[in-house]
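In case you want the letters, here they are:
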Amino acid sequence: MAVTENVSSCSLSAMWDWSHLSLSGTPPAVTLLDAATDLLVLERNFPGALEMCERGLQIISTEPGERRNNQVKASLVVIAIQALAEMERWREVLPWMLQYYQSPQEIPHNIMEMCLLLYSRVKQPHVMLELSRDWLRGQVTRPSLQYKRVAELHLLNILLPLGHFSEAEDLAVDPRVFTKQQQEAALTAVREEKRRQEEKEAAQIESEQQNQRTLSPSGNVRGKYLQVARLLYRALSAAVTWTRRIPLRNTLLALLLLSVIILRLDP
């Protein structure tokens, strides 16, 4: 599926990172995790994979929180997001995921990365704006490699497409996110995108003004119609005056010539 090209590698890496959980005992949630993985990767049965994930998440919600359960939960959510994206149900991803993570700070970094990539891919970056902002604010006191990765995706895939250039510049010069060399590259990307959007807006304004000039009462199109109407009015007035002064035969001939003139003026 087109919308899943950028999120597949993230979801697959998450599955293999946590696949060892099934080796030490087989709790029900881990068994369902294995089944969901097989349905997604081997059988390409996306509805079945989603159903297995939801069953596993229901089981985990009834068990006391442990690090092991948190890892299984995150893995189930990753597989479910991939299954929803494969079924072109990407609009459901965020509300579905927020059923299992009540606050942004609870969301694992790899799930944030998947959501940022997914909604950027489908040209809906505004969906992730507030969520990724809140996630970064909650992690800013303990920045890590994962934090930097989410911050980079937030900058490139959310802030720039939405035109939040001031916020993007502030993030680009944050030493907790980027090194000096990376800051220069990030600022260059911000300025280039800002210039591109300004040129696009200027071109749109010029196009709208051109359309208004074309369609205005003084424009060429309406002006031509008015000119033809005036000419026809004068021709008809002259014909009426002329027919009163000449015989019937000549009148018919004049009307024939007038009709030919009208047809040539208004084909």
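Now for a look at the structure at hand. (Residues numbered from 1 in each chain as written. Predicted model: local features only at pLDDT ≥ 70, side-chain atom pairs only at ≥ 80, totals over all residues. Heavy atoms only, no water.)

Turning our attention to the overall build of the protein. For the protein, the helix and strand inventory stands at twelve helices and zero strands. Residues counted as buried form 39% of the 267 residues belonging to the protein. Contacts spanning at least 24 positions in sequence make up 63% of the contacts within the protein whose residues lie at least 6 apart. Accessible area of the protein: about 16,200 Å², with a carbon and sulfur share of 55%. (Helix = DSSP H or I, 4+ residues; strand = E, 2+ residues; numbered from the N terminus. Buried < 20%, exposed > 50% of the residue type's maximum accessible area, 1.4 Å probe, protein only. Contact = heavy atoms within 4.5 Å. Areas by Shrake-Rupley, 256 points an atom, 1.4 Å probe, with all protein chains shown as cover.)

So, on to unusual backbone geometry. The phi torsion at Arg-44 lies on the positive side, around 55°, for a residue other than glycine. Checked against the element boundaries, Arg-44 lands in the loop between α2 (28–41) and α3 (46–61).

Turning our eyes to something else, we now look at the layout of surface pockets. Estimated volume of the second largest pocket: approximately 180 Å³. If you trace the second largest pocket, you find it lined by Arg-133, Leu-136, Arg-137, Val-140, Tyr-147, His-154, Leu-159, Glu-167, Asp-170, Leu-171, Asp-174 and Arg-176. (1 Å grid on protein atoms, 1.4 Å probe; cavity = no way out; pocket = protein on both sides within 12 Å on 5 of 7 lines; lining within 4 Å. Points joined across faces, edges and corners; volume = space filled by probe spheres on them.)

Take the side chain of Ser-132 next. Within the secondary structure, Ser-132 is located in helix α7 (residues 129–139). A polar contact is formed between the side chain of Ser-132 and the backbone oxygen of Leu-129, at a distance of 3.2 Å. Setting aside anything within four residues of it in sequence, one finds Ser-132 in contact with Met-112, Leu-116 and His-154. (Polar contact = N/O pair within 3.5 Å; in protein donor to acceptor, adjacent residues only side chain to side chain.)

Once that is clear, we can look at the nonpolar core. Counting 64 residues, the largest nonpolar core has Trp-96, Met-97, Ile-111 and Met-128 as the members making the most contacts within it. The contact partners of Met-97, leaving out residues within four places of it in the chain, are Val-77, Ile-81, Ile-107, Ile-111, Cys-115 and Leu-131. (Core = buried A, V, L, I, M, F, W, Y, C linked by side-chain atoms within 4.5 Å.)

In this section: the environment of Glu-51. Following the sequence through the fold, Glu-51 ends up in helix α3. The spacing of Glu-51 and Ala-80 is 29 residues in sequence and 8.3 Å in space, taken between C-alpha atoms.

Counting across every chain of the model gives three aromatic pairs. Taking the centre distance of 6.5 Å and the plane angle of 15° together, the rings of Trp-135 and Tyr-147 count as stacked. Linking Trp-135 in helix α7 with Tyr-147 in helix α8 (residues 145–162), this pair joins segments that are twelve residues apart in sequence. Residue class for Trp-135 comes out buried when judged on its relative accessible area of 3%. (Phe/Tyr/Trp six-rings, centres within 6.5 Å; stacked < 30°, edge-to-face > 60°.)

What follows concerns α3. A rise of 1.5 Å per residue sets the reference length of α3, with its 16 residues, at 22 Å; its end C-alpha atoms lie 23 Å apart and thus fit the reference within 8%. Every buried residue belonging to α3 is among Phe-46, Gly-48, Ala-49, Leu-50, Met-52, Cys-53, Gly-56, Leu-57 and Ile-60, and all of these are buried. Where α3 is buried, its residues meet α2, α4 (67–86) and α5 (93–97). Capping of α3 at its N-terminal end is provided by Asn-45; its side-chain oxygen lies 3.0 Å from the backbone amide nitrogen of Gly-48. (Expected span 1.5 Å × (residues − 1).)

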